[in-house]
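Topology and contacts: notes
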Amino acid sequence: MRKEPVKIKEIDAKTRAGNFNEVVLGYSEDEALCEAGRCLQCKNPLCISGCPVGIDIKTFLHKITQKDYAGAYNTIREKNNFPSICGRVCPAEYQCRIACVLSKKGQPFATPQAINIHFLERFAGDYGMRCSVSAPSARNSGLKLKKVAVVGSGPAGLCCAGELARAGIKVIMFEGLHKLGGVLRYGIPPFRLPRNILDCEIESLKNMGVEFVPNFIVGKNKDLEELFKDGFAAVFLGLGAGIPSFLGIKGENLCNIYSANEFLTRVNLMSAYEFPKAHSPVNIGKSMVVIGGGNTAMDAARCALRLQLMNGIAPNTTILYRRSEVELPARRLEIEHAKEEGVQFRLLVKPQEFMGDENGFVRRLHCLQCELGEPDSSGRRKPLEIPGSDFEVDCDVAVVAIGLKANQILTKVTPALKTDKYGDVIVEPETMETSIKNVFAGGDIVGGEGTVIEAMGMAKKAAGAIIERLK
Ligand code: FAD
Ligand code: SF4
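Now for a description of the structure that goes with this document. Remember, it's a predicted structure, so these values are computed and weren't measured experimentally.

**Topic: the overall build of the chain**
The helix and strand tally for the chain stands at 17 helices and 18 strands. For the chain, the C-alpha radius of gyration of 23 Å lies close to 23 Å, the compact-globule estimate for 471 residues. Principal-axis analysis of the C-alpha atoms places the extent of the chain at approximately 70 × 60 × 50 Å. Burial statistics for the chain: of 471 residues in total, 56% are counted as buried. Approximately 20300 Å² of the chain is accessible, and the part contributed by carbon and sulfur atoms is 52%. For the chain, the distance from the average site of its 60 positive side-chain charges to the average site of its 54 negative ones is 4 Å.

Structure below.
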C-alpha cells in the first residue's frame, strides 16, 4: 500500500494568476485509485464524525477502490447533495481530515498524511455529474401535497430544498439576488468553484422538482404571514450573513475602499473581470491592500492580484492581518495558493487610519505593529498593539474583509422572529425551529459565519424536522 498521499495537480502559479480559470485540476482515475487505496478501512472510522453531515467516508472510499464510482457517488449523495462543491471548498483539514487516524494528533491542521477525502469526494462528484449518475430518488413519504418555502439559495437553502424534495415535498425557493447560489456564486471566485459545477449542482435540484424564484426578497416582496396564506406548510430561512463589518477607523469612507462583499460581488457575481464585456466595473489599483485573514480575505486578494495582472499592472497586493500565520482562519490550501501566486502577507498589523488625497481617494494606510498576548474568548492569542511601532503602507484600493454579520432584511420586519444580540436567528437546537411555529432556520443566519458544510448540516437537521412535522 502506498504511504505518501497522491498530490493533486494544479495549474502553475504564474499561469493561473493571469486568469480566473480553475486552479486545482482534480485526480485522474489512477490517482484516485491510488489515494483511496491508502485508506486503512478502520473498524471504527473516526473521519465520519469529523464530517458535519456524516458522509460514510469509509464506504465511499472502498467503492472507489473497487472502481464502483457510481456507487461511491451515491454513497456520498445519501448525506450530501453537492459533492462536487464540497470536494472543492470544504476546509477538510479542520473537519473530516483532522479526524482521520493518519493525521498526526495535537497538530493545528491535518498533516499532509491524512487521506485527501475532499479531493476523492470531488472525484466521485465530478464522475456522477459527467456520467449523469441519477441521484437517489424521492422517497415515498406520503407528503406529495405539502408545499414548503425555502428562503435564500446559499448552501443552507439548497441543501434543505434537496432533502425536502427527496422526501417528495414540493419546494419553492425564493432568492433576493438575480442568480442562485448565495456565497457560492457571489463570494467564492470561479477559479475555486467553476460556475458550470455550481450550475450543474443547482440543475440537479431542478430535476428533483424544486422551483426557483429569483429577484424575490422575503420581507419586502412578501412577508412570512403572506407565505403561509399562500399555502406553504412550513418555511426554511437560509438568509446567510451578508452584511459586512467595518473597521470603524478614520478615513474608512474614502473612495476606493470596498467591503469584501461589494468587491467580490462585483468581480464574481457581476463578472467585473470581464469588463467591459460584462457591465459592472471594479476599481483596480497599483497598491491593493486587503485587511483580514479568512477565506474572504484570501479570495479578495487573489482576485485583486489577478485583476492587476489582467490589466497590465505589476502585481502588488498585500494582506494585512492582526494576528500571526498560525491564527489565519482561511483554508490552508487558499493561503498556500495566495502566497504562490504572489500575494504578500504582512502579519501582526493593526490598521489605524486611512489617509486620502485632495480628491477624496485613499492613498495610504497608517498601521501599528502588534505582538501576541494571552488567548482571548475565541481561544486565539490576542493581538496587542506595540506603542510607537507606527508605519504606513501605500494603498490606492483597499478591501475590508474582517467579517460578516446577519442579513436582517427579513428579521427586522418580523418582530415575532427572535434574534440574539448579533441579529442571528435563535433556534431550537434539536429541530432548528425558530420562535415562530413551522418556521425553521439554518446556515450562517444561525450562529454567524461558518462553513458551507456546516450550513448544510444545519439545513439537513431542519429538513428532517420539517418532514417529521408535516407527517
Ligand atoms: P449564504 O451563502 O450567504 O446564502 C444566503 C442567501 O440568502 C443569499 O443568496 C441571499 O441573497 C439570500 N437572502 C438573504 N435574505 C433574503 C431574503 N430576505 N429573501 C430572499 N433571499 C434572501 N466556506 C467553506 O466551507 N469553504 C470556503 O472555501 C469558503 N469560502 C468563503 C469565501 C467567502 C468570500 C465567503 C463570504 C464565505 C466563505 N465560506 C466558505 C463560508 C460559506 O460560504 C458560508 O458559511 C455559507 O455560504 C453559508 O451558507 P448560507 O446558505 O447560510 O448563506
Ligand atoms: Fe469532509 Fe467536507 Fe466531504 Fe464532509 S463534506 S467528508 S467534511 S470534505
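**Quick notes on the nonpolar core**
Counting 127 residues, the largest nonpolar core has Phe60, Leu164, Leu237 and Phe263 as the members making the most contacts within it. When residues in this core are grouped by element, the largest group, 11 residues, is from helix α17 (residues 452–470). Counting 16 residues, the second-largest nonpolar core is a separate cluster that includes Val289, Ile291, Leu320 and Val393.

**Examining the packing of aromatic side chains**
Tallied over the full model, the rule gives eight aromatic pairs. Taking 4.1 Å as the distance between ring centres and 10° as the angle between the ring planes, the aromatic pair formed by Phe20 and Tyr273 counts as stacked. One end of the pair, Phe20, is in the loop between α1 (13–16) and β2 (24–26); the other, Tyr273, is in the loop between α13 (260–269) and β9 (288–291), with 253 residues separating them in the sequence. Judged by relative accessible area, which is 6%, Phe20 ranks as buried. Summarising the aromatic geometry, the rings of Tyr27 and Phe119 are spaced 5.9 Å apart at their centres and angled 80° between planes, so their arrangement reads as edge-to-face. Linking Tyr27 in the loop between β2 and α2 (29–36) with Phe119 in helix α8 (residues 117–130), this pair joins segments that are 92 residues apart in sequence. Neither residue differs from the other here; Tyr27 and Phe119 are each classed as buried. Through a chain of ring-to-ring contacts, the aromatic side chains of Phe20, Phe191 and Tyr273 assemble into a single cluster.

**Quick word on the site of ligand 2**
Of all residues adjacent to ligand 2, which total 13 residues, the nearest are Cys51, Cys90, Gln95, Cys96 and Glu121. Looking at the shell around ligand 2, the element that brings in the most residues is α8, giving three residues. Its residues assigned to classes, the shell around ligand 2 comprises nine nonpolar, three polar and one charged.

**So, the pattern of salt bridges**
The full count for this structure, using the stated rule, is 30 salt bridges. Its salt-bridge partner being Glu35, residue Arg38 comes within 3.0 Å of it at the nearest N-O pair. This pair shows no difference in class: Arg38 is buried, exactly as Glu35 is. The residue Glu78 makes a salt bridge to Arg166 at a minimum N-O spacing of 3.7 Å. With Glu78 in the loop between α5 (69–77) and α6 (83–89) and Arg166 in helix α9 (residues 155–166), the pair connects residues that are 88 residues apart, well separated along the chain. Residue Glu78 is classed as partly exposed on the basis of its relative accessible area, which comes to 44%. Taking relative accessible area as the criterion, Arg166 reaches 2% and is therefore assigned buried. Overlapping salt bridges, with partners in common, bring together Glu10, Arg16, Arg192, Asp299, Arg302, Arg306, Arg331, Glu334, Glu340 and Glu341 in one network.

**Considerations on the environment of Ile436**
One can find Ile436 in the loop between α16 (409–412) and β18 (439–441). Taking the C-alpha atoms as reference points, Ile436 and Ala416, 20 residues apart in sequence, are found 6.6 Å from one another. Apart from residues lying up to four places away in sequence, Ile436 is in contact with Leu224, Thr414, Ala416 and Leu417.

**A closer look at the state of the cysteines**
All told, the structure shown has zero disulfides when counted by the stated rule. No disulfide involves Cys159; its nearest neighbouring cysteine sulfur is the one of Cys160, lying 7.1 Å away. Of all cysteine sulfurs, the one in Cys395 lies closest to Cys367, which takes part in no disulfide; the gap is 8.7 Å.

**Quick word on the site of ligand 1**
Val89, Glu175, Arg192, Val218 and Asp444 are the nearest of the 37 residues found near ligand 1. The backbone of Val452 places a nitrogen or oxygen atom 2.9 Å from an oxygen atom of ligand 1. Mapped by element, the contributors of at least two residues to the shell around ligand 1 are α9, α10 (183–186), α14 (295–310) and α17. The element that contributes the greatest number of residues to the shell around ligand 1 is α14, accounting for three residues. Split by residue class, the shell around ligand 1 holds 18 nonpolar, 14 polar and five charged. The residue makeup of the shell around ligand 1 includes at least three contributed by each of domain 2 (147–242 + 406–470) and domain 3 (244–404).

What counts and how
Residues numbered from 1 in each chain as written. Chains lettered and ligands numbered in written order. Predicted model: local features only at pLDDT ≥ 70, side-chain atom pairs only at ≥ 80, totals over all residues. Heavy atoms only, no water. Helix = DSSP H or I, 4+ residues; strand = E, 2+ residues; numbered from the N terminus. Rg over C-alpha atoms; globule rule 2.2 N^0.38 Å. Buried < 20%, exposed > 50% of the residue type's maximum accessible area, 1.4 Å probe, protein only. Areas by Shrake-Rupley, 256 points an atom, 1.4 Å probe, with all protein chains shown as cover. Lys, Arg positive; Asp, Glu negative; His and termini not counted. Charge placed at Lys NZ, Arg CZ, Asp CG, Glu CD. Core = buried A, V, L, I, M, F, W, Y, C linked by side-chain atoms within 4.5 Å. Phe/Tyr/Trp six-rings, centres within 6.5 Å; stacked < 30°, edge-to-face > 60°. Near = heavy atom within 4 Å. Nonpolar A, V, L, I, M, F, W, Y, C, P; charged D, E, K, R; others polar. Salt bridge = Lys/Arg side-chain N within 4 Å of Asp/Glu carboxyl O. Contact = heavy atoms within 4.5 Å. Disulfide = S-S within 2.5 Å. Polar contact = N/O pair within 3.5 Å; in protein donor to acceptor, adjacent residues only side chain to side chain. Domains from an automatic or database assignment.

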